[in-house]
Amino acid sequence: MNRQLNIGYLVVGLIFLGVSGTWLLDDTGVINPNGYEWLLPAILLGAGLIGLFASLGKGLLNRSSSVEAPATTYEEETTNGDPS
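Described below are features of the structure shown in this document. The model shown is predicted, which means the values in this text are computed figures rather than measured ones.

A few points about a nonpolar patch on the surface
On the surface, Leu 45, Leu 49, Leu 52, Phe 53 and Leu 56 cluster together into a nonpolar patch covering about 500 Å² of accessible area. Here Phe 53 shows up in helix 2 (residues 36–65).

What follows is the structure in structure tokens.
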């Protein structure tokens, strides 16, 4: 099964994981409420960078997998392979 990567779903999922992870760390007392001022921008920046790299990788894979048909000349098209 070969599915294409949906970058929007990837970024939203990473943001959800980051926010829920922040909530978990706060609930367990690992971080204090003063740590939120840098944590949310870091989550958004990280998810955005991962989405950017995923889109670049997806573009490179699509470009390398596309095979162009060989070019034909005008003579080949008009004669249909007949030498006459």
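Read on for the rest.
Describing the environment of Gly 18
Assignment of secondary structure puts Gly 18 in helix 1 (residues 7–28). We classify Gly 18 as buried; its relative accessible area is 17%. When the C-alpha atoms of Gly 18 and Ala 42 are compared, they prove to be 9.2 Å apart, with 24 residues separating the residues in sequence.

Quick word on the environment of Tyr 36
In this structure, Tyr 36 sits in helix 2. Placed 10 residues apart in sequence, Tyr 36 and Asp 26 show a C-alpha to C-alpha distance of 9.3 Å. Leave out the neighbours within four places in its chain, and Tyr 36 touches Thr 22, Asp 26, Ile 31 and Pro 41.

With respect to helix 1
Here helix 1 spans 31 Å end to end across 22 residues, near enough to the 32 Å set by a 1.5 Å rise per residue. Ile 7, Gly 18 and Thr 22 are the residues of helix 1 that are buried. Across the axial projection of helix 1, the buried residues extend over an arc of 55°, all falling on one side. Counted as exposed and oriented over 90 degrees from the buried face of helix 1: Tyr 9, Val 12, Phe 16, Leu 17, Trp 23, Asp 27 and Thr 28. The opening residue of helix 1 is Asn 6, an N-cap whose side-chain oxygen sits 3.2 Å from the backbone nitrogen of Gly 8.

Rules and cut-offs
- Residues numbered from 1 in each chain as written.
- Predicted model: local features only at pLDDT ≥ 70, side-chain atom pairs only at ≥ 80, totals over all residues.
- Heavy atoms only, no water.
- Patch = residues over 30% accessible without salt bridge, like charges linked within 9 Å, V, L, I, M, F, W, Y side chains within 5 Å.
- Areas by Shrake-Rupley, 256 points an atom, 1.4 Å probe, with all protein chains shown as cover.
- Salt bridge = Lys/Arg side-chain N within 4 Å of Asp/Glu carboxyl O.
- Helix = DSSP H or I, 4+ residues; strand = E, 2+ residues; numbered from the N terminus.
- Buried < 20%, exposed > 50% of the residue type's maximum accessible area, 1.4 Å probe, protein only.
- Contact = heavy atoms within 4.5 Å.
- Expected span 1.5 Å × (residues − 1).
- Arc of directions from axis to C-beta.
- Polar contact = N/O pair within 3.5 Å; in protein donor to acceptor, adjacent residues only side chain to side chain.

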